[in-house]
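Reading the structure
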Amino acid sequence: MKQFQYLRAATQQSTLDAISKPGTKIIAGGTNLIDLMKRGVTAPDKLVDITHLPLKNITPTKSGLHIGALALNSTVSENGIVVQKFPLLSMALKAGASPQLRNMATVGGNMMQRTRCSYFYDTTMPCNKREPGTGCGAMGGLNRMHAIFGTRDKCIAVHPSDMCVGLAALDATVIIAGKKGERRIPFTEFHRLPGEHPDVDNTLAKDEMIIGVDIPDNNFAKNSYYLKVRDRQSYAFALVSVAAGLDISNGTIRQARLAMGGVAHKPWRLFEAEKFLVGKAVSEDSFKQAAQIAMQGAKAYEYNAFKLKLAPATITEALKHASGLV
Amino acid sequence: MSTINKSMTDNKKQPSSSDGPSRVDGRLKVTGAAKYSAEFAVKGLVYGVLVGSTITKGKIKSIDIKKAEHAPGVLAVITHFNSPKVPGYQVATDPGKPAVKGPVKVFNDDQILYNGQPVALVIADTFERALFAASLVNAQYIAEKHITNLKDNLGKAVATHDDTEYKRGIVDAYKSAPIIVEQEYMLPSEVHNPMELHALIARWDAADKITVWDKTQGVKDTQSNIAKLFHIPVENVQVHSKFVGGAFGSALQVWPHEVAAIIGAKVVKRPVKLVLGRADMFTSVGYRPLTWQKIGIGATAEGRLVGITHHAVGQTSTYEDFAEGPTDISRSLYACPNVNSSNKILGLDVGSPTWMRGPGDATGAFALESALDELSYKLNIDPIELRLKNYAETDPESGKPFSGKNLKDAYKLGAEGIGWKNRKQEAGSVTRDGWLLGYGMSGGVFGADREPATVKATMLADGTLVLQTAVSDIGPGTGTAMVAIASETMGIPAHQIRFDLGDSLYPNAPQQGGSTITSSVGSAVYMACRDLKEKFQQLIGNGGEDKPNYAKILKQHNLTQLQVVTDSKAGAEVDKYAMYSWSVHFVSVLVNPATGVVKLNKVVCVADSGRIISPKTARSQVIGGAVMGIGMALMEEAIFDDRYGRLINNNLADYHVPVSADIPQIEAIFVNKPDININPIGAKGMGEIALIGMAAAVANAVYNATGKRIRNLPITPDKLVDWTALT
Amino acid sequence: MENKNAHSKPESELEEKDNSRRNFLKQSAFITAVALTPAPAVKAAAMHLDEKIAEAFEKVPVKLEVNGVMHNLSVEPRATLLDILREQIDLTGTKKGCDHGQCGACTVHVDGHRVNSCLTLGVMASGKKITTIEGLAKGEELHPMQEAFLKHDGFQCGYCTPGQIMSAVACIREGHANSETEIREYMSGNICRCGAYPNIVNAIQEVKSGGQIV
């Protein structure tokens, strides 16, 4: 690992000042950044430690819940309000990483984590995300873990987070601070598809920082489920994961929220399938139909064709769990 | 041959995790006081970090080390351009003949034989600085076309050893049988991945004298190999390996990184610590070779085996001919009149494979026991019944009697343990809470060898017995078992006995590998104790008590200590008997019909390995083997991107080994009948049999649950989902 | 290994004393109340000894309270807590198994919470209380979890054991040891290649049901 200058930020403003300089990165939990630095994927000149900023709060708001960017994954997953009102988020968080890592990782850091694509991580391999213009190792390579939605030939990597799949389903808003003040964007617009610039993971500008997320109140608490399918029972990234929230009244679905992980460059919200489910009776059949709708536009590569079957199966199973059918 | 008796012979009472004495070195392990190789605070220590090649085959054109040399704290950057030559590498080759095959000669020449091969060693005053400077080394290569794919090149496989081909009776007799199974199997390359990274500290004490603290399964072998490589007298090489954080076969030889550290220490004239990174653990200390197998098996309608044909092609490197011998198991596991088999290898541009727990037989058992299971369904005969119909009462290969075999007891105990009677013969017919439930079983076998070993036993004035031998303990609890043997033989409590190991200064012991230690060193300990006791009896004259007060006798005779050095080795029994340990694994699995996720529901493992010396550690060994077998069945696979000849999952996030959530309670059952013909203590090895057969048991259970037969491991959800939901 | 010279000084004080500092020092002024500029670097800068500045600048003062003992260290910011424990203060009980947060062998408690010390920068742990396996027993008296691991043989080779025990203690403290299934899930961040998982679960259950304060 290259030597770097370590700076401890005392205020949000000084952080914003510091990160406007090239070669400077924010560090919080460090669970992904230190790993990337150890592998030489990234080599910042300066690290700004923001863990002493007052951004750890989890506070009820008039219309929902605010979670500070520095709230730990473990803290959020165990928080009473989260467990009671947003169990989907709690479940998604607990499906990710390990207890130790969740004790270090923050909400903001989780959103900023980079793909786990092997070609991105190995600096001897081509990767347009790590080094634009070098090509995509996963295209024509071993792409079992890769995307089936929203891909371009330049990059077929997936976003690795579970928490983000939960937040995407829950209509969360990201609160971003910049030199000009704060801005708020829908969670689903925070991460981006690779397009022509797979090196850019999200819409956060270089001189901006995440300060928190807001989650609006909803009626999904009773019927929520996060289902993660992986190669081992814990401590593994998703082959496919599904966050499902249903608002059910007298056996009829009034509203639905669905998002998928392990299938795209960003948490993949299933808007069309959600729409389809509104007004439908709770039944395995309607869930299977919704799953088919969700799969429209999916495209497989040499080693990930199984996701075309696993993804709809997982959606159906998640909905069955959420609705209480199983 | 006399034997010693012990409790623990009651089949019905099987040990739980808390039964029996705890490990003699357990306190050191739970307090963090146990020192592994890289953990000795040697004075003046500096740090070495290796740089690996980024091409797979070719030559080194140049290596720019200037930047690295000028980085803060760097003491030396060693490459083949500036390395002192290792004398043992400089073998005169006959220009008319092909080069002699052998391990990679580190920093000896410009040849690149596999991706990740060490091309430079950077030594600096701190680990961080060495690691960073290593990233500044810039090697340029002339790349050549490489081949790392086994399956596309099976036709190029060659026979190497004289033991390659085997024939008994009629070749391919299975083809004439009324019921036939003929299938191919792929076992991916698996990596030992002990939790402790391979590491050593090398210190030159004089121009021809060296001390190493090294992770090794055999201090004596490491000692003699280093002596040979550096042309120094064996007695001038000291090897310490007090604690070994697992190895499973990866520390049975001297690898290039060990030689590199020793070279480095010579160059900088200071002790060098070198700890491999986890990525290097995948390429530079061996692995279980990727193996293709084909089995043909034929039986009469009543289930009598007519013939077995078993062929295998295993991957090796271009520079070493390593063959596991996966088809050997088909020669002797069942009574079958006609067996023919072959073991071939294919040299690829990869680092050399090596022995990994249950070598050969674990690979072969997966194919053979999967095929037998498949046959049982074709015959509509219970898999256990099929095995009993073809039970070998004498060794089918040699015709010799077995030294001891109680496999029928093992089948019975395991079937009871798992609740085999609840199994339905029809596959895919049982569901529980929406999951498919299935049962599977499989057997395992491994040769029970006994190697020469010497033990020095010393009774001290205070009544402490000190036993010394140069064995390593990679985890099974060797010290604990040895103390148990000595305690019983001498009639003194365990806490009065000290077992010293892991030092080349001690008398000879074999490497800890191949499930030989309890039989070899255990027998030596028993015999040394018996000799020592006899010496005491000579002192006090005949008619001494069975449990004499040794301290008192020493005092009476004005002695400070009494010592014996006893050699022990196998005798004529080797020619008389066929010697094996056996295991049977039973599992029940739950398979999610929608997602293809497989969960272990229950696991029962039975070992028929003679007398059980230390119930607590024996049980742990059986459980540990089962866990590794579950990993083999469900998740382990080292994956090469053949375009680059480079692994894409050389880390513990992408190469999955089981975690706690994957593993249910595992019941370990011991037949626990002493093998009175094999050695004086009646005990045989169980490290290998604990794993061998486990993967087939899981695969067979998955078939019973789903009707889907997976013949290419691991059984990941993608392989099952293709057939499950929405198809 | 203590470095008594490496005291931290307030930024403002440095500003006054020396105006000839190089850019890298000035940049830190953007961060209000940054208090981690190494004194030797400033001294060297004043003497115009560029090389020494570079070298001294690589180290920062760090105060680590490990197992109740205060260590005043001077470390490079890139040094992980794991390497500092093992290489600088000779607490080798904490193990390096992967160095990338993928195995849990390096698990320690920081301010009472279990974390992977291989992904923790030592400089970021400054001022925090760290407990390693060496700090669990009270003198000769083992911690109940250590006793339970011994009794149930919760290990073979012993290399992952310190991490497992630190994690197991935290697992109970966190309230995640209420069933076998829950223990398995919450112990899945600690890989044991020897496969002692069932015994580890038994050990944790015994301590949990014993009701001892862990």
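How each quantity is defined
- Residues numbered from 1 in each chain as written.
- Chains lettered and ligands numbered in written order.
- Predicted model: local features only at pLDDT ≥ 70, side-chain atom pairs only at ≥ 80, totals over all residues.
- Heavy atoms only, no water.
- Helix = DSSP H or I, 4+ residues; strand = E, 2+ residues; numbered from the N terminus.
- Rg over C-alpha atoms; globule rule 2.2 N^0.38 Å.
- Buried < 20%, exposed > 50% of the residue type's maximum accessible area, 1.4 Å probe, protein only.
- Pairing = 2+ DSSP bridges.
- Axes fitted to C-alpha atoms, helices over the stretch in contact; angles between N-to-C directions.
- Domains from an automatic or database assignment.
- Contact = heavy atoms within 4.5 Å.
- Buried area = accessible area lost by both parts, 1.4 Å probe.
- Salt bridge = Lys/Arg side-chain N within 4 Å of Asp/Glu carboxyl O.
- Polar contact = N/O pair within 3.5 Å; in protein donor to acceptor, adjacent residues only side chain to side chain.
- Nonpolar A, V, L, I, M, F, W, Y, C, P; charged D, E, K, R; others polar.

For the rest of this paragraph, the subject is the overall build of chain B. Broken down by element type, chain B carries 16 helices and 26 strands. At 27 Å, chain B has a C-alpha radius of gyration in line with the 27 Å of a compact globule built from 727 residues. Considering only C-alpha atoms, chain B reaches an extent of 80 × 70 × 55 Å along its principal axes. For chain B, buried positions account for 65% of its 727 residues.

All names here are of chain A. Taken in spatial order, the 3 strands line up as β1-β3-β2 in an open sheet, and their pairing is parallel. Of all strands in the sheet, those bounded by a partner on one side alone are β1 (5-8) and β2 (24-27). Between one strand axis and the next, the sheet turns by 25 degrees as a mean value, whatever way the strands run. As paired strands, β1 and strand β3 (residues 46-49) are joined by 4 bridges and run parallel to one another. The residue of β3 that forms the bridge with arginine 8 is aspartate 49.

All names here are of chain B. Each assigned domain of chain B is listed here: domain 1 (38-145 + 201-244 + 251-279), domain 2 (147-196 + 286-399), domain 3 (407-446 + 579-727) and domain 4 (450-569). Its C-alpha centre places domain 1 at a distance of 37 Å from the equivalent point of domain 2. Across the boundary between the two partners, domain 1 contributes 15 residues, which contact 17 residues of domain 2. Across the domain 1/domain 2 interface, buried area totals approximately 1,400 Å², and carbon plus sulfur atoms make up 48% of it.

With that settled, consider the domain arrangement of chain C. Residue and element names in this part refer to chain C. Under the domain assignment used here, chain C contains domain 1 (11-57), domain 2 (61-135) and domain 3 (144-210). Here domain 2 and domain 3 have C-alpha centroids that lie 21 Å from each other. Listed per partner, the contact involves 15 residues of domain 2 and 17 residues of domain 3. Interface of domain 2 and domain 3: buried area, both sides summed, is about 1,300 Å²; carbon and sulfur atoms make up 54% of it. Three residues stand out in domain 2 for area buried against domain 3, namely His109, Arg114 and Ile133, and they jointly supply 49% of the buried area on that side. Taken together, the links from domain 2 to domain 3 amount to 1 salt bridge. In this structure, the connection of domain 2 to domain 3 is made through 8 residue pairs in polar contact (both at pLDDT 80 or more). Its residues assigned to classes, the side of domain 2 that touches domain 3 comprises 3 nonpolar, 8 polar and 4 charged.

Attention shifts here to the side chain of threonine 454 of chain B. Residues and elements named next belong to chain B. With respect to the helices and strands, the residue threonine 454 is situated in strand β18 (residues 453-460). Relative accessible area serves as the criterion here: at 11%, threonine 454 is assigned to the buried category. Residues within four places of threonine 454 in sequence aside, it is in contact with Gln468, Thr469, Pro507, Asn508, Val565, Thr566 and Asp567.

Attention now goes to the environment of valine 62 of chain C. All names here are of chain C. Mapped onto the elements of the fold, valine 62 is located in strand β1 (residues 60-66). Relative accessible area serves as the criterion here: at 3%, valine 62 is assigned to the buried category. Considering only alpha carbons, one finds valine 62 and arginine 78, 16 residues apart in sequence, at a separation of 12 Å. Excluding residues that lie within four positions of it along the chain, valine 62 makes contacts with His71, Asn72, Leu73, Val75, Gly122, Val123 and Ser126.

Our focus in this paragraph is the interface of chain C and chain A. Contact residues are listed per partner, giving 42 residues for chain C and 42 residues for chain A. Together, the buried faces of chain C and chain A total about 3,500 Å²; carbon and sulfur atoms form 57% of this surface. For aspartate 99 of chain C, the salt bridge identified is with lysine 38 of chain A, shortest N-O distance 2.9 Å. Counting across the interface, chain C meets chain A through 14 residue pairs in polar contact (both at pLDDT 80 or more). Contributing elements (two or more residues each) for the side of chain C that touches chain A: α2 (23-27), β4 (113-116), α7 (161-174) and α8 (180-186) of chain C. A total of 4 residues in the side of chain C that touches chain A trace back to one element, the largest contributor, which is β4 of chain C. Split into classes, the residues belonging to the side of chain C that touches chain A amount to 17 nonpolar, 18 polar and 7 charged.

Residues and elements named next belong to chain A. Taken in spatial order, the 5 strands of this open sheet run β4-β5-β8-β6-β7, and their pairing is antiparallel. The open sheet has two edge strands, β4 (58-61) and β7 (181-186), and neither has a second partner. Averaged over all neighbouring strand pairs, the angle between strand axes comes to 25 degrees, with direction disregarded. Pairing of strand β6 (residues 173-178) with β7 involves 6 bridges; the strand directions are antiparallel. In the strand pairing of β7, alanine 177 is matched with glutamate 182. Its contacts with the sheet put helix α1 (residues 12-19) on β6 and β8 (209-216), and the angle it makes with β8 is roughly 125 degrees.

The next subject is the interface of chain B and chain C. For an interface, size is often stated in terms of accessible area lost upon the parts coming together. The partner chain C presents 52 residues to the 62 residues of chain B that form the contact. Counting each side, the surface lost to burial between chain B and chain C is near 4,800 Å², with a carbon and sulfur contribution of 53%. At the boundary of chain B and chain C, one finds 9 salt bridges. The tally of links between chain B and chain C comes to 35 residue pairs in polar contact (both at pLDDT 80 or more). Going through the elements one at a time, α1 (26-31), α3 (127-136) and α14 (615-634) of chain B are the ones with two or more residues in the side of chain B that touches chain C. The dominant element in the side of chain B that touches chain C, judged by the number of residues it contributes, is α14 of chain B, at 9 residues. Here the side of chain B that touches chain C is built from residues that sort into 31 nonpolar, 18 polar and 13 charged.

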